[in-house]
Amino acid sequence: MIKQQRIMCESQKILSQTKNGTLTFCDKSKLFQMVYNNLCFELYEWELDSFKSYISQLDISYWENEFKNWIHERKIPISVGQKHFIILVSKCEILEIKRLLSINLNQLKLLAYKEINYTFIEN
């Protein structure tokens, strides 16, 4: 059995970090690495620019409406170039990915009481 080993880049710099992800750059390999939850993307600069553009153009409202009757929380698809492979994320996750990629976001929207998943019990 052949083991695949990845050499850790010694000159890796953290560019951005959120609760669930990190964006780094390696001067040696010239690769950006975005690790978000259990996903890992290794991208050259032109690929990162393309990915940022794709993410910034995702219509969150459209996808949430399109899959409004779907039982799963994750309704927003991220195509990764393979015909039958799509990553699904929630609205909160896509907003965090945008922050990780430093994509300009609109002002923070306050949550409506219906959007808070909490059972209130009066004593």
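This text goes with the structure placed above it.
Here goes a summary of the coordinates provided.

Scoring rules and cut-offs
Residues numbered from 1 in each chain as written. Predicted model: local features only at pLDDT ≥ 70, side-chain atom pairs only at ≥ 80, totals over all residues. Heavy atoms only, no water. Pairing = 2+ DSSP bridges. Helix = DSSP H or I, 4+ residues; strand = E, 2+ residues; numbered from the N terminus. Axes fitted to C-alpha atoms, helices over the stretch in contact; angles between N-to-C directions. Contact = heavy atoms within 4.5 Å. Phe/Tyr/Trp six-rings, centres within 6.5 Å; stacked < 30°, edge-to-face > 60°. Buried < 20%, exposed > 50% of the residue type's maximum accessible area, 1.4 Å probe, protein only. Core = buried A, V, L, I, M, F, W, Y, C linked by side-chain atoms within 4.5 Å.

Within the open sheet, the four strands sit side by side as β1-β2-β3-β4. Their pairing is antiparallel. The strands lining the two open edges of the sheet, one partner per strand, are β1 (12-17) and β4 (39-43). Across this sheet, the average inter-strand angle for adjacent strands is 20 degrees, counted without regard to direction. Taken together, the five bridges between strand β3 (residues 31-36) and β4 define a ladder with antiparallel strand orientation. Looking at β4, one finds that F32 is bridged to L43. In the packing of helix α1 (residues 45-56) onto the sheet, contacts are made with β3 and β4, and the angle to β4 comes to roughly 125 degrees.

Applying the stated criterion across every chain yields a total of five aromatic pairs. Between F41 and F51, the ring centres sit 5.1 Å apart and the planes meet at 35 degrees, which makes this aromatic pair tilted. Of the two residues, F41 is situated in strand β4 and F51 in helix α1; the sequence distance between them amounts to ten residues. This pair shows no difference in class: F41 is buried, exactly as F51 is. Ring geometry for W63 versus F67: centroids 5.9 Å apart, planes at 15 degrees, classification stacked.

Membership of the largest hydrophobic core comes to 20 residues, with the highest contact counts inside it found for M34, F51, I55, I78, I94, I97 and L101. Secondary-structure elements contributing two or more residues to this core are β2 (21-26), β3, β4, α1, β5 (76-79), β6 (86-89) and α3 (91-100). Apart from the residues lying within four places of it in its own chain, the contact partners of L101 are L23, M34, L48, F51, K52 and I55.

The subject of this paragraph is unusual backbone geometry. Glycine aside, residues mostly have negative phi angles, and peptide bonds mostly take the trans form. Notably, K30 is not glycine yet its phi reads approximately 60 degrees, a positive angle. Tracing the backbone through its elements, the reader meets K30 in the loop between β2 and β3. Positive phi outside glycine occurs at N37, with the angle close to 50 degrees.

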